[in-house]
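This is what each chain is made of:
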Amino acid sequence: MTPTGRPLVLLVGIVFEGYRSYLLDGVGSVADVWLLAEAEPAPSVAEKLVGHTLVDVFDIPALVAAAQEVAGRRRVTGVLSWDELKMSGTAHIARALGLPGVAPDVVDRCRDKHRTRTALAAAGVPQPASEVVSGAEEAAAAADRIGYPVVLKPRDLGASMGVIRVDSARDLAAGYAHTRAAQVGPVPYRSDGVLVEEYVDGPEVSVDSWVLDGRTHPLFTARKTTGYPPYFEETGHVVDGRGPGEDDPELHRVVTAAHEALGFDHGMTHVELRRARDGWRVIEVNCRLGGDLIPMLGQAATGVDAGAVATLLACGLEPDPRPDRGRVAAVRFLYPDAPCEVDRVEVDPDRLPAGIVLATGLPRPGTTISPPPEGHVWGRYALLMAVSDTPEGCAAALDAAQPAVVLHARTGSVETGSAQGLANDYIKP
């Protein structure tokens, strides 16, 4: 315990205020937090910490050494992260300090989509047909075997980067080039770094769960909307906490089977699935909390704080999350019609309808943003969140709120009604 008498958890990775800092409130409700990060935290984040250490979070030996230095002075109870690229370092810290969590190899098995597919196939978990390739000719041959349309995706990336649907052989080479070009600095280049997969044409959902001693406990399900075809940009999510739709036994059976196949037995997961004609198919398994404000939606819809649940698990404690409401929460992301340099994003609170609980611009002034495929997540200029008693109520509030948000670009202004950003411009008390 810390001098405050509370557990101390290490949080790996800088906290992005626009998308993640709200999780600190849940973490801080049950534990003190020491941040291991690559840059100084913002003042609004620093005030929620008991301390922080600057370290290259992608240098695993240095990261582990930094964690050990903190543990040498204080009793560390757990370690967690919600950043996809930092999950491996988090697992290495847990192993080095003897803290609860999954082994680094389990994290790699989730992050490496080819390893995921191999493990799920061996266990008979339903998923799209998939082949890993190292060139355009191999990709074309795989697509012929699988059958068009196919999906090409990078083996190790996230946030839909590089993911594209290819409908015919004549588009395969261009699609492969698009996927192969997707790269993020810390992720190593693989010669066989592209997956060719069966396209599952059905509704897509994500399930956030907590797993303890190999038992899977779903928290909430989010229905996903995507846009900008042939890409798969996530443009919004809806969590319905009212009942039957959240308790699909077949969906939960498949999610549990995926955890068992991957050997994931302790921690939080975010599993994405699509419904085919013959049932649910696993698209990917992420060994972390969901992004895109999904945990915030889950709390608004059900009352369950996923940040607190994740922290209790990280400390080796058993959560007891109990929904205390049944509402619907939705988020929508707004993008420009074309590339532009941001001057500012304005939100007019007087024009926001009832039901909107969050409206915020995302990019800093001077940032160049673009719609997909160039922009993806970082191409968004604003987000809107609504809470209502029905999905239709959320949709109506989001539609009515869009004109209240205006992107001022260096070349002019764009109203959100014609488009789709870090300051919290409007947060409902």
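You'll find the structure just up there.
Residues numbered from 1 in each chain as written. Predicted model: local features only at pLDDT ≥ 70, side-chain atom pairs only at ≥ 80, totals over all residues. Heavy atoms only, no water.

Overview of the environment of Arg325
And then number 1: Tracing the backbone shows Arg325 in the loop between helix H11 (306-314) and strand E14 (328-334).
And then number 2: As a C-alpha pair, Arg325 and Asp56 span 269 residues in sequence and 41 Å in three-dimensional space.
And then number 3: Those residues in contact with Arg325, other than ones at most four positions away along the chain, are Gly241, Gln299, Ala300, Ala301, Thr302 and Gly303.
And then number 4: At 2.9 Å, the side chain of Arg325 forms a polar contact with the side chain of Asp324. (Helix = DSSP H or I, 4+ residues; strand = E, 2+ residues; numbered from the N terminus. Contact = heavy atoms within 4.5 Å. Polar contact = N/O pair within 3.5 Å; in protein donor to acceptor, adjacent residues only side chain to side chain.)

A few points about empty space enclosed by the protein
And then number 1: What the largest cavity holds in volume is close to 290 Å³.
And then number 2: Contributing to the lining of the largest cavity are 21 residues, with Val79, Leu80, Met87, Gly267 and Met268 lying nearest its centre.
And then number 3: When residues in the lining of the largest cavity are grouped by element, the largest group, four residues, is from helix H4 (residues 87-97).
And then number 4: A class-by-class count of the residues in the lining of the largest cavity yields 15 nonpolar, five polar and one charged.
And then number 5: In this model, the second largest cavity occupies a volume close to 100 Å³.
And then number 6: Along the wall of the second largest cavity there are 14 residues; nearest its centre are Pro154, Asp156, Arg180, Gln183 and Gly193.
And then number 7: Across the lining of the second largest cavity, the residue classes tally to seven nonpolar, three polar and four charged. (1 Å grid on protein atoms, 1.4 Å probe; cavity = no way out; pocket = protein on both sides within 12 Å on 5 of 7 lines; lining within 4 Å. Points joined across faces, edges and corners; volume = space filled by probe spheres on them. Nonpolar A, V, L, I, M, F, W, Y, C, P; charged D, E, K, R; others polar.)

Notes on the packing of helix H3 (residues 60-73) against H4
And then number 1: At a closest axis distance of 9 Å, the pairing of H3 and H4 adopts a crossing angle of 45°. On the basis of the axis angle, H3 is oblique to H4. You can see that H3 and H4 cross each other, and the crossing is right-handed. Listed contacts from H4 to Ile60, Leu63, Val64, Ala67, Gln68 and Ala71 of H3 are Ser88, Gly89, His92, Ile93, Ala96 and Leu97. (Axes fitted to C-alpha atoms, helices over the stretch in contact; angles between N-to-C directions. Parallel < 35°, antiparallel > 145°, perpendicular 65-115°, else oblique. Left-handed = near helix turned anticlockwise from the far one by under 90°.)

A short note on the packing of helix H5 (residues 104-111) against helix H6 (residues 113-123)
And then number 1: Remark: H5 packs on H6, axes separated minimally by 5 Å, with the N-to-C direction vectors making an angle of 95°. Considered as vectors, H5 and H6 are oriented roughly perpendicular to each other. Packed against H5, whose contacting residues are Asp105, Asp108, Arg109, Cys110 and Arg111, the element H6 presents Lys113, Arg115, Thr116 and Ala119 at the interface.
And then number 2: Broken down by class, the residue content of the contact of H5 with H6 amounts to two nonpolar, one polar and six charged.

Observations concerning helix H8 (residues 172-181)
And then number 1: Those residues of H8 that fall on the buried side of the exposure criterion are Leu172, Gly175, Tyr176, Thr179 and Arg180. Here the buried residues of H8 occupy an arc of 130° about the axis, which is enough to place them on one side. With respect to the buried face of H8, the exposed residues turned more than 90 degrees away are Ala174 and Ala181.
And then number 2: Residues of H8 that are buried make contact with strand E5 (130-133), helix H7 (136-146), strand E6 (150-154), strand E7 (164-166) and strand E8 (194-198). (Buried < 20%, exposed > 50% of the residue type's maximum accessible area, 1.4 Å probe, protein only. Arc of directions from axis to C-beta.)

What to know about the side chain of Arg180
And then number 1: Looking at the element boundaries, Arg180 is found in helix H8.
And then number 2: If we ignore the near neighbours within four places in the chain, the residues touching Arg180 are Tyr189, Arg190, Ser191, Gly193 and Val194.

Remarks on the sheet that holds E6
Within a sheet, adjacent strands bond to each other through the backbone by hydrogen bonds, running parallel or antiparallel.
And then number 1: Judged by pairing direction, the sheet is antiparallel, and its four strands sit side by side in the order E5-E8-E6-E7 without closing on themselves. Edge positions in the sheet fall to E5 and E7, since each of these pairs with one other strand and no more. The average angle at which neighbouring strand axes cross in this sheet is 30°, direction not considered.
And then number 2: Where E6 meets E7, three bridges bridge the pair, whose relative direction is antiparallel. Counterpart to Val150 in the pairing with E7 is Val166.
And then number 3: In the packing of H8 onto the sheet, the strands contacted are E5, E6, E7 and E8, and the crossing angle to E6 comes to about 25°. (Pairing = 2+ DSSP bridges.)

What to know about the nonpolar core
And then number 1: Counting residues in hydrophobic clusters, the biggest one holds 45 residues, and the most contacted among them are Leu80, Trp82, Leu219, Met268 and Leu383.
And then number 2: Per-element tally for this core: the top contributor is H11, with five residues.
And then number 3: Apart from residues lying up to four places away in sequence, Leu219 is in contact with Asp208, Ser209, Trp210, Met268, Val304, Ala306, Val309 and Pro321.
And then number 4: Residues Val106, Val205, Val211 and Trp280 belong to the second largest nonpolar core, which totals 25 residues. (Core = buried A, V, L, I, M, F, W, Y, C linked by side-chain atoms within 4.5 Å.)

Remarks on the sheet that holds strand E3 (residues 51-54)
And then number 1: The strand order across the open sheet built from four strands is E3-E2-E1-E4, with neighbouring strands paired in parallel fashion. Of all strands in the sheet, those with a lone pairing partner are E3 and strand E4 (78-80), marking the two edges. Strand after strand, the sheet turns through a mean of 20° between neighbouring axes, direction not considered.
And then number 2: As paired strands, strand E2 (residues 32-37) and E3 are joined by four bridges and run parallel to one another. Bridge assignment links Leu35 to a residue of E3, and that residue is His52.

Observations concerning the pairing of strand E12 (residues 267-276)
And then number 1: Judged by how many residues are buried, E12 sits mostly within the fold: nine of ten residues are covered.
And then number 2: Bridge analysis of strand E9 (residues 204-212) against E12 gives eight bridges, and the strand direction is antiparallel. Across the sheet, residue Ser209 finds its bridge partner in E12, namely Thr269.
And then number 3: In this sheet, strand E13 (residues 279-286) lies alongside E12 in antiparallel orientation, the contact comprising seven bridges. When the sheet's bridge partners are listed, Glu272 is paired in E13 with Glu284.

Some thoughts on the pattern of salt bridges
And then number 1: This structure, assessed with the given rule, holds 34 salt bridges.
And then number 2: Ionic pairing is found between Asp32 and Arg6, a salt bridge with its closest N-O pair at 3.0 Å. Here Asp32, found in strand E2, pairs with Arg6, found in the segment before strand E1 (8-12); they are 26 residues apart in sequence, far enough to count as distant.
And then number 3: Given the relative accessible area of 7%, Asp32 is considered buried.
And then number 4: Ionic pairing is found between Asp105 and Arg109, a salt bridge with its closest N-O pair at 2.5 Å. Remark: Arg109 and Asp105 occur in helix H5; sequence separation between them is four residues, near one turn of the helix.
And then number 5: On the basis of relative accessible area, Asp105 is assigned to the partly exposed category, the value being 37%.
And then number 6: Sharing partners across several salt bridges, the network here consists of Glu204, Lys224, Glu234, Glu272 and Arg274. (Salt bridge = Lys/Arg side-chain N within 4 Å of Asp/Glu carboxyl O.)

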